[in-house]
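Residue-level structure breakdown
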Amino acid sequence: MQEILIHFDEGVTTLTFNRVDKKNAFTAAMYAACADALDLARDDAAVRVVVLQGHPTVFSAGNDIQEFLNTPADRSNAPVFRFLKSLAAFPKPIIAAVCGPAVGIGTTMLFHCDLVYAGDNAAFSMPFVNLGLCPEAGSSLLVPAMMGYHRAAEALLLGEPFMAEAALEVGLVNRIVPPMEANGVAQLQARKLASKPLGSLVETKRLLKKAHLPQVLERIDEEAQSFGRLLHAPAAQESLTAFVEKRKPDFSKVH
Ligand code: COA
């Protein structure tokens, strides 16, 4: 079974996360497949819009935790960074359909999308601190820019889930729909965009993103350095091991 399904139709490339038994947790192979698909979509003139979608019950539980535990100290060439940079700099419109849990990169990838449609069961969270980690994907820059500092601090320091209504209020989501309709709504909007002049779409997106893009790419690198260091520190090792062992982490003996 392929864990990233790629489908092209009428100018729209759709990437479906398809590892539902593991809540669509992302492995290196899945990031690589998404990065490859985005690079192809960028260079193929027939592709006008990309849709990212999961399952009506789950968007993504974030990075695969077992893989985090096996990650080598130098992860600068990890496929996740190729995916993030392709996503951040993607020149054509990207639409996401999000239902159920969207954890870690499941939420932070949305800050790089142009339109986001959420099922009313969507639950967004960025629990990096709870895992002994720090923000990634440029989220330390993009979350406060979108939500304002205090809401960003709450989302990133406490790491508690926030639901579709709250995401709509802060501007992360364009519309809330029944979960079974989310992918269909994203496809409908994608078809609308795909019928428009591609040159105008690309130029408009370039102008919309121009103020932030260089800083976003720089921040992705800076966050990656800190994240990589923290990933190998005792707090993260304890929280990740605790998840695998299905127990609560004990931070009493670590910083
Ligand atoms: N990495 C690896 N496996 C994961 C995973 C992850 N990020 N998230 C879920 N899974 C696996 C579980 O281990 C479980 O596997 P098993 O059936 O072999 O035991 C399966 O997916 C189902 O997960 P479960 O926790 O039972 O589902 P749930 O509906 O109770 O909860 C979540 C869903 C997403 C809330 C919960 O799985 C979760 O919190 N996952 C971790 C999220 C996370 O911290 N990600 C890292 C962000 S940086």
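A brief look at the structure comes next.

Criteria and cut-off values
Residues numbered from 1 in each chain as written. Predicted model: local features only at pLDDT ≥ 70, side-chain atom pairs only at ≥ 80, totals over all residues. Heavy atoms only, no water. Helix = DSSP H or I, 4+ residues; strand = E, 2+ residues; numbered from the N terminus. Rg over C-alpha atoms; globule rule 2.2 N^0.38 Å. Buried < 20%, exposed > 50% of the residue type's maximum accessible area, 1.4 Å probe, protein only. Contact = heavy atoms within 4.5 Å. Areas by Shrake-Rupley, 256 points an atom, 1.4 Å probe, with all protein chains shown as cover. Lys, Arg positive; Asp, Glu negative; His and termini not counted. Charge placed at Lys NZ, Arg CZ, Asp CG, Glu CD. Pairing = 2+ DSSP bridges. Near = heavy atom within 4 Å. Polar contact = N/O pair within 3.5 Å; in protein donor to acceptor, adjacent residues only side chain to side chain. Nonpolar A, V, L, I, M, F, W, Y, C, P; charged D, E, K, R; others polar. Expected span 1.5 Å × (residues − 1). Axes fitted to C-alpha atoms, helices over the stretch in contact; angles between N-to-C directions. Salt bridge = Lys/Arg side-chain N within 4 Å of Asp/Glu carboxyl O.

Moving on to the overall build of the protein. Broken down by element type, the protein carries eleven helices and nine strands. Here the protein has a C-alpha radius of gyration of 17 Å; the compact-globule value for 255 residues is 18 Å, and the two agree. Dimensions of the protein, computed from C-alpha atoms along their principal axes, come out at roughly 60 × 40 × 35 Å. Residue burial in the protein is summarised as follows: out of 255 residues, 51% are buried. Considering only contacts in the protein between residues 6 or more positions apart, those separated by 24 or more positions represent 73%. Here the protein displays about 12100 Å² of accessible surface, and carbon together with sulfur accounts for 59% of that area. Side chains of the protein carry 24 positive and 27 negative charges; the gap between the two charge centres is 3 Å.

Once that is clear, we can look at the sheet that holds strand β5 (residues 101-103). Backbone-to-backbone hydrogen bonds pair the strands of a sheet. The strands run either parallel or antiparallel. Across the sheet, which stays open at both edges, the three strands sit in the order β5-β7-β8 with mixed pairing between neighbours. Where the open sheet ends on each side, the last strands, each with one partner, are β5 and β8 (162-163). Bridge count between β5 and strand β7 (residues 123-125): three bridges; the pairing is parallel. Bridged to A102 within β7 is F124.

Leaving glycine out, the prevailing phi sign among residues is negative, and the prevailing peptide bond configuration is trans. Although it is not a glycine, A137 adopts a positive phi angle of roughly 65°. Topologically, A137 is positioned in the loop between β7 and α5 (139-147). Residue A137 is classed as buried on the basis of its relative accessible area of 1%. One non-glycine residue, K246, lies in positive phi territory at about 55°. Mapped onto the secondary structure, K246 falls in the segment after α11 (234-244).

Neighbouring the ligand are 14 residues; K22, A61, N63, I65 and K246 lie closest to it. N63 places a polar main-chain atom, nitrogen or oxygen, 3.0 Å from a nitrogen atom of the ligand. Within the side chain of K246, a nitrogen or oxygen atom sits 2.7 Å from an oxygen atom of the ligand. When the free accessible area of the ligand is taken as 880 Å², the share hidden by the protein chains comes to 64%. In terms of residue class, the shell around the ligand is made up of eight nonpolar, one polar and five charged.

Across its 16 residues, helix α1 (residues 28-43) extends 23 Å between first and last C-alpha, which sits within 8% of the 22 Å expected from 1.5 Å per residue. All buried positions along α1 are accounted for by M30, Y31, A32, C34, A35, A37, L38, D39 and A41. For α1, the elements touching its buried residues are β1 (4-9), β2 (12-17), β3 (49-53), α3 (79-88) and α4 (105-108).

Reading across from one edge, β1-β2-β3-β4-β6-β9 is the order of the six strands in this open sheet, with mixed pairing throughout. The two strands at the open ends of the sheet, each matched to only one other strand, are β1 and β9 (175-177). Neighbouring strand axes in the sheet, compared pairwise and without regard to direction, differ in orientation by 20° on average. Lying over the sheet, α1 contacts β1, β2 and β3, oriented at roughly 15° with respect to β1.

Looking now at the pattern of salt bridges. What the rule picks out here adds up to 14 salt bridges. K205 is the partner of D114 in a salt bridge, and the nearest nitrogen-oxygen pair spans 2.8 Å. With D114 in the loop between α4 and β6 (115-119) and K205 in helix α9 (residues 198-209), this residue pair connects regions lying 91 residues apart in the sequence. Under the relative-accessibility criterion, D114 is labelled partly exposed at 29%. For E245, the salt bridge is made with R247, and the minimal N-O distance between the two is 2.8 Å. The class of R247 is partly exposed, set by a relative accessible area of 36%. Linked by salt bridges that have partners in common, D36, D39, R42, D43 and R82 make up one network.

Among the structural elements, A35 can be located in helix α1. Its relative accessible area of 0% is what places A35 among the buried residues. Residues contacting A35, with those up to four places away along its chain left out, are R82, F83 and S86.

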